[in-house]
Amino acid sequence: MEGFPETLIPVMPGATVISSSLDKAKQPATAALVASITAPTAAVVDFYTKHLEGQGFKAVPGDAVGAVASKDFVRNNNETVNVAVVEAAGVSTFTIGANAAVESAK
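Residues numbered from 1 in each chain as written. Predicted model: local features only at pLDDT ≥ 70, side-chain atom pairs only at ≥ 80, totals over all residues. Heavy atoms only, no water.

(A) Spotlight on the nonpolar core. One finds Ile-9, Tyr-48, Val-81, Val-83, Phe-94 and Ile-96 to be the most contacted residues of the largest nonpolar core, which totals 24 residues. Those elements giving two or more residues to this core turn out to be strand 2 (29–37), helix 1 (41–54), strand 5 (68–75), strand 6 (79–88) and strand 7 (91–100). Among residues more than four places away in sequence, those in contact with Tyr-48 are Ile-9, Pro-10, Val-11, Met-12, Leu-33, Val-83, Phe-94 and Ile-96. (Core = buried A, V, L, I, M, F, W, Y, C linked by side-chain atoms within 4.5 Å. Buried < 20%, exposed > 50% of the residue type's maximum accessible area, 1.4 Å probe, protein only. Helix = DSSP H or I, 4+ residues; strand = E, 2+ residues; numbered from the N terminus. Contact = heavy atoms within 4.5 Å.)

(B) Structural context of the side chain of Lys-71. Tracing the backbone through its elements, the reader meets Lys-71 in strand 5. Residue Lys-71 is classed as buried on the basis of its relative accessible area, which comes to 12%. Within polar-contact distance, the side chain of Lys-71 engages the side chain of Asp-63 at 2.9 Å. (Polar contact = N/O pair within 3.5 Å; in protein donor to acceptor, adjacent residues only side chain to side chain.)

(C) Broad picture of the pairing of strand 5. Across 2 bridges, the pairing between strand 3 (residues 58–59) and strand 5 is antiparallel. Bridge assignment links Lys-58 to a residue of strand 5, and that residue is Val-74. Bridging between strand 4 (residues 64–65) and strand 5 involves 2 bridges; their strand directions are antiparallel. When the sheet's bridge partners are listed, Ala-64 is paired in strand 5 with Ala-69. Of the pairings in the sheet, the one linking strand 5 to strand 6 comprises 7 bridges and is antiparallel in character. Among the inter-strand pairings, Val-74 is bridged to a residue of strand 6, identified as Thr-80. Taking the residues that link successive antiparallel strands as the turn, the strand 5-strand 6 hairpin has 3 residues, and the phi of Asn-76 there is positive, at about 55°. (Pairing = 2+ DSSP bridges.)

(D) Expanded view of the pattern of salt bridges. Under the counting rule described, the total for this entry stands at 4 salt bridges. Ionic pairing is found between Lys-71 and Asp-63, a salt bridge with its closest N-O pair at 2.9 Å. A salt bridge links Arg-75 to Glu-79; the shortest N-O distance between them is 2.8 Å. Glu-79 gets classed as buried once you look at its relative accessible area, which sits at 3%. (Salt bridge = Lys/Arg side-chain N within 4 Å of Asp/Glu carboxyl O.)

(E) Geometry of unusual backbone geometry. In this chain, Gln-27 is followed by Pro-28 through a cis amide linkage whose omega measures 0°. Its place among the elements puts Pro-28 in the loop between strand 1 (16–23) and strand 2.

(F) A look at the packing of aromatic side chains. A complete count under the given rule lists 2 aromatic pairs for this structure. With 4.8 Å between their ring centres and 85° between their planes, Phe-47 and Tyr-48 make a pair best called edge-to-face. Using a relative accessible area of 25% as the deciding quantity, one classes Phe-47 as partly exposed. Its relative accessible area of 1% is what places Tyr-48 among the buried residues. (Phe/Tyr/Trp six-rings, centres within 6.5 Å; stacked < 30°, edge-to-face > 60°.)

Right, here's the structure in full:
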């Protein structure tokens, strides 16, 4: 995960990273993280909600898209983060996608 913006999107303690990507070639920068953890969906959403709100992101109303837990966050009207979690057999697999200012993608 070298170069991945772990300040913006940290890996939840205990999670296993499946894939990650970062594109700082354009503004805003885009980052994505896919990981899994043996924790309930609510714990994953709570961890990232607290982290993102601590960085000035505001949660957008809504907690799901269909049967998938999905939470959106906005900062400065042009930076967005989405956290989506699917839980099966006690394992939560989560995908986080972010569009953020290049300078905050660290």
